[in-house]
Amino acid sequence: MLSQVYCSGFQPFRQHLLPWVQSTALSRSHCIQPSAIRHVRSWSNIPFITVPLSRAHGKSFAHRSELKHAKRIVVKLGSAVVTRGDECGLALGRLASIVEQVSVLQNQGREMMLVTSGAVAFGKQRLRHEILLSQSVRQALHSGQNQLKEMAIPVLEARACAAAGQSGLMALYEAMFTQYSICAAQILVTNLDFHDEQKRRNLNGTLHELLRMNIVPIVNTNDAVVPPAEPNSDLQGVNVISVKDNDSLAARLAVEMKTDLLIVLSDVEGLFDSPPGSDDAKLIDIFYPGDQQSVTFGTKSRVGMGGMEAKVKAALWALQGGTSVVIANGTHPKVSGHVITDIVEGKKVGTFFSEVKPAGPTVEQQGEMARSGGRMLATLEPEQRAEIIHHLADLLTDQRDEILLANKKDLEEAEGRLAAPLLKRLSLSTSKLNSLAIGLRQIAASSQDSVGRVLRRTRIAKNLELEQVTVPIGVLLVIFESRPDCLPQVAALAIASGNGLLLKGGKEATHSNRILHLLAQEALSIHGVKEAIQLVNTREEVEDLCRLDKMIDLIIPRGSSQLVRDIQKAAKGIPVMGHSEGICHMYVDSEASVDKVTRLVRDSKCEYPAACNALETLLIHRDLLRTPLFDQIIDMLRVEQVKIHAGPKFASYLTFSPSEVKSLRTEYGDLELCIEVVDSIQEAIDHIHKYGSSHTDVIVTENEKTAEFFLQHVDSACVFWNASTRFSDGYRFGLVACEENEASVGLHSVYVSISS
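Just so it is clear, the structure is predicted and the values come from calculations on it, not from any experiment. (Residues numbered from 1 in each chain as written. Predicted model: local features only at pLDDT ≥ 70, side-chain atom pairs only at ≥ 80, totals over all residues. Heavy atoms only, no water.)

### What about the overall build of the protein chain?
Basically, it comes down to this: A run of DSSP states H or I qualifies as a helix once it reaches four residues; a run of E qualifies as a strand once it reaches two. Both are numbered from the N-terminal end. Exposed residues in this analysis have more than 50% of their type's maximum accessible area, buried residues have under 20%, and partly exposed residues fall in between, with area computed by a 1.4 Å probe over protein chains only. Here, two residues are considered to be in contact whenever any of their heavy atoms come within 4.5 Å of each other. Residue burial considers only the protein chains on display, and all accessible areas are found by Shrake-Rupley using a 1.4 Å probe.
In terms of regular secondary structure, the protein chain is built from 25 helices and 22 strands. In the protein chain, which comprises 756 residues, the proportion classed as buried is 53%. Counting only contacts in the protein chain whose residues sit at least 6 apart along the sequence, the fraction spanning at least 24 positions is 75%. Carbon and sulfur atoms make up 52% of the accessible area of the protein chain, which totals about 34200 Å².

Okay, here's the thing in structure tokens:
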């Protein structure tokens, strides 16, 4: 059998890696038999992640999000990935990064295999060095030093380079994998090893035994003896493929070993619909069997025997055999350090080969439709845009039964999975739909001058004027959690302002969002702009959406503060209009009215605790403790079943206090409330500035001077006097739209005084 097994990983790592590889790597020739290998499992300092990895082989993954379940993975490293730009020697930094990623996945419990190029390049470097050294010595003896500059290096035969470089390449892998306490084994194969049944069984058994012992097999064609490439008559069926290069080797190995995933790394990002680098070239995210007819292949890479056509044919062959495939760039300095782990995590990297073609358009196609539809929407007359919004409002009431039926399905599926506050946000009702319809009609009425309004006109010279007018932003991506009623509100605002819209709702509201989006498109169709609003229904991760900087002009996340932070972190080159948490405070002054306090606290906390303008912290002046007013507040909260958390100072006044608050900066979003005691209005203001979120803060007092001091000194978007925090609402402000009574975004400060 031509296969050679070379096991490594038990030698201590040399401190001087490069000198050792160059001077002594080629002298190593011993093999360690598998039977002599002790099964060792040790961990590096890389975090260990537990992932459910078992699945029945036979069918490839349908979606990228499923790749995280891949158990057995083959990583193919193309020549352009492994070698330097001058084709002599290896790209050591890039190779070290790849080894680290493979080690991370191996330590997660996966079974990793490498198909690597590089032996020819490594051998070419060594042979060139030997030839130069030999020629310089001879010419120095016979011709003098002046002839050294004229030395020519002969063309080196690839088989000889492979023979000289193979052991050095393996020694390098050995040194790198040893750093992560991982053993590696070298296997050299030829086409005969797959076509001879006995040798194929031997190879299969060897690989399975290595994987069983937690060893990473490093496989390569035995280029020192490999015959010339055969005519391109294979790749026509699952049972026929010639090992003529490492692309076909990787595909054959993946199918032979029933691997879940084959990652092919090259020097291009993946497949493009036109030559990469051209103005119209777009990366193909998902490639389906049959699409190859529409792809024009360019030239091969600077090194290697394959090329993109060979990679695609090998990938499709592996896909037919039940192995998922991703072709990606392994040379880009910004992504090569995490390209393999990103692919396994399901991120949009490279081109994913799938046999399952989605029924609808891709998110990229949806972005283009939203762009062109938004431009058409912006050209409509204001009355036409208002007519669309009015029609959408009518549909919300006319189709009420269908909407509520879809929402019921969401609620039933979410039962037991979502917390009570989230279930309340998810729920729709007749009253909510009626309120939505009223709000949408108000948007229509106020949208007449949203687009094209002249803000400023400047005469620059005679007969030359400069106008500043309002125009649409472009394409908005709005990501929202739980609340399906957000969809028609945002849709109406986008229509009024002439913007294209991409919507990404939470999966818990799938049925509700689907019917609401259909109604929005039905309303848009009356003026032929149906495609201006798109609902992303694919398994697109939010992080992937945030990378579509050429399609999206603004991202607006509507949800938890964690969602906002995650999107701000993920967005690359796209502005994000985020919002803060709703940690709203109410300060009850020593001169507060008994009747007002209980009504305001009840409305602020109990009317809709899941909203961001609900009360979260109640600050009480120290003089009110053990007074009838304080007792009434506590009694009311007990009746409303509000769980009380005592602040540190409040707890110190009580013999048996409620559970002490874990953090004074908490947005409960439920029937829970923190109560804290303060000694003065200044202490209340300091507390709000330290622990609040600058959303909405209230003072309850009958002293006008105290109230004015509070209004002037609290730095929040909304500051109220004798009003509920729930008054922080765009509908109540006359700003028309609201998100379940949440609309302080865009307001610098609002001071409200209610005296009765």
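Next comes the rest of the account.
### Let's talk about the nonpolar core
As a rule of thumb, soluble globular proteins bury nonpolar side chains together. Short version of the rule: Only buried Ala, Val, Leu, Ile, Met, Phe, Trp, Tyr and Cys residues count toward a nonpolar core, and they belong to the same one when joined by side-chain atoms within 4.5 Å.
With 43 residues, the main nonpolar core has Leu-377, Ile-388, Ile-389, Ile-403, Leu-501 and Leu-503 as its most contacted residues. Setting aside chain neighbours within four positions, we find Ile-388 in contact with Leu-377, Leu-380, Ile-495, Ala-523, Leu-524, Ile-526, His-527 and Val-529.

### Thoughts on the confidence of the model for the protein chain
Put simply, the rule is: Each residue carries a pLDDT score, the predictor's confidence in it, ranging from 0 to 100.
In the predicted model, the protein chain carries a mean pLDDT of 81, and the fraction of residues at 70 or more is 79%. Across residues 231–242 the pLDDT falls below 50, and counting only partners more than four positions away or on other chains, this stretch makes 28 contacts in the model. For residues 301–306, every residue scores under 50 in pLDDT, and the model assigns this stretch 17 contacts once sequence neighbours within four places are set aside.

### Quick word on helix α8 (residues 246–256)
Counted residue by residue, α8 has 11 buried out of 11 residues, so it is predominantly covered. Within α8 the residues assigned to the buried category are Asn-246, Asp-247, Ser-248, Leu-249, Ala-250, Ala-251, Arg-252, Leu-253, Ala-254, Val-255 and Glu-256. Two residues or fewer past α8, Lys-258 is found with a positive phi of approximately 55°.

### Notes on the packing of α8 against helix α9 (residues 308–320)
What counts here: Axis geometry follows a simple rule: fit a line to the C-alpha atoms, using only the stretch in contact for helices, then measure angles between N-to-C directions, giving values from 0 to 180 degrees. Angles below 35 degrees are treated as roughly parallel, those above 145 as roughly antiparallel, those between 65 and 115 as roughly perpendicular, and all remaining angles as oblique. As a working rule, the residues Ala, Val, Leu, Ile, Met, Phe, Trp, Tyr, Cys and Pro are called nonpolar, Asp, Glu, Lys and Arg charged, and the rest polar, with Gly in that last group.
Interaxial distance between α8 and α9 falls to 9 Å at its minimum, and their mutual angle equals 5°. Taken together, the axes of α8 and α9 lie roughly parallel to each other. The residues of α9 that touch α8, namely those facing Asp-247, Ser-248, Ala-251, Arg-252 and Val-255, are Ala-310, Lys-311, Ala-314, Trp-317 and Ala-318. Classifying every residue of the contact of α8 with α9 gives six nonpolar, one polar and three charged.

### Some words on the pattern of salt bridges
Opposite charge on two side chains permits pairing when their charged atoms draw close. Put simply, the rule reads: Between Lys or Arg on one side and Asp or Glu on the other, a salt bridge is scored when a side-chain nitrogen of the former is within 4 Å of a carboxyl oxygen of the latter.
On inspection of all chains with the given rule, the structure shows 27 salt bridges. Close ionic contact of Arg-457 with Glu-467 constitutes a salt bridge, the shortest N to O distance being 2.9 Å. With Arg-457 in strand β10 (residues 454–461) and Glu-467 in strand β11 (residues 464–469), the pair connects residues that are 10 residues apart, well separated along the chain. A relative accessible area of 41% places Glu-467 in the partly exposed class. Here Lys-649 ties to Glu-683 by a salt bridge, and the two come within 3.0 Å at their closest N and O atoms. A residue pair is termed long-range when its members are at least 10 positions apart, and Lys-649 in helix α22 (residues 648–652) and Glu-683 in helix α23 (residues 681–691) qualify at 34 residues. Owing to a relative accessible area of 25%, Glu-683 belongs among the partly exposed residues under this scheme. Overlapping salt bridges bring together Arg-64, Asp-285, Lys-348 and Glu-364 as one network.

### Things to note about the environment of Ala-185
With respect to the helices and strands, Ala-185 occurs in strand β4 (residues 183–189). Judged by relative accessible area, which is 0%, Ala-185 ranks as buried. Taking the C-alpha atoms as reference, Ala-185 lies 8.3 Å from Val-219; in sequence the two are 34 residues apart.

### Considering a nonpolar patch on the surface
The following threshold applies: Here, patches come from residues exposed beyond 30% relative accessible area and free of salt bridges, joined within 9 Å for like charges and within 5 Å for nonpolar side chains (Val, Leu, Ile, Met, Phe, Trp, Tyr).
A surface patch of nonpolar side chains, amounting to about 220 Å² of accessible area, comprises Val-454, Val-469 and Val-471. A relative accessible area of 36% means that Val-454 is categorised as partly exposed.

### So, the pairing of β4
Put simply, the rule is: In short, DSSP must find at least two bridges between two strands for them to pair.
The buried fraction of β4 is high, at seven of seven residues. Residue alternation in β4 divides its side chains into two sets, Cys-183, Ala-185, Ile-187 and Val-189 and Ala-184, Gln-186 and Leu-188, and both sets are buried. Note that β4 and strand β5 (residues 215–221) share seven bridges and pair parallel. What sits directly across from Cys-183, in β5, is Ile-215.

### What to know about the sheet that holds strand β12 (residues 475–480)
Read across the open sheet, the four strands follow the order β14-β13-β12-β15; overall the sheet is parallel. Of all the strands in the sheet, the pair left with one neighbour each is β14 (533–535) and β15 (554–558). Neighbouring strand axes in the sheet, compared pairwise and without regard to direction, differ in orientation by 20° on average. Sitting on the sheet, helix α19 (residues 561–570) touches β12 and β15, and the angle it makes with β15 is about 160°.

### Looking at the state of the cysteines
Worth spelling out the cut-off: Cysteine sulfur pairs qualify as disulfides if the two atoms are within 2.5 Å.
Scanning all chains against the criterion turns up zero disulfides. Residue Cys-612 stays outside any disulfide, its sulfur separated by 6.5 Å from that of Cys-584, the closest cysteine.

### Some remarks on unusual backbone geometry
One non-glycine residue with positive phi stands out, namely Lys-258, at about 55°. Structurally, Lys-258 can be placed in the loop between α8 and β6 (261–266). Here Lys-258 falls in the exposed class, since its relative accessible area comes to 53%. Although it is not a glycine, Arg-626 sits at a positive phi angle of roughly 60°.

### Thoughts on helix α16 (residues 486–497)
The cut-off we apply is this: An expected span of 1.5 Å times one less than the residue number is assigned to each helix.
Look at α16: 17 Å from first C-alpha to last across 12 residues, which is about the 16 Å you get at 1.5 Å a residue. Of all the 12 residues making up α16, 10 are buried; the element is thus mostly covered by neighbouring parts of the structure. Turning to α16, its buried residues are Cys-486, Leu-487, Pro-488, Gln-489, Val-490, Ala-491, Ala-492, Ala-494, Ile-495 and Ala-496. In the segment just after α16, Gly-498 is the residue with positive phi, at about 70°.

### Looking at the side chain of Ser-447
Here Ser-447 is to be found in the loop between α15 (430–446) and β10. Look at Ser-447 and you get buried, because its relative accessible area is 2%. Beyond its immediate sequence surroundings of up to four residues, Ser-447 is in contact with Ala-386 and Ala-496.

### Quick word on the environment of Val-542
Relative to the elements of secondary structure, Val-542 occurs in helix α18 (residues 542–545). For Val-542, a relative accessible area of 25% translates into the label partly exposed. Placed 195 residues apart in sequence, Val-542 and Lys-347 show a C-alpha to C-alpha distance of 10.0 Å. Leaving out residues up to four positions away in the same chain, Val-542 has contacts with Ile-479 and Ile-567.

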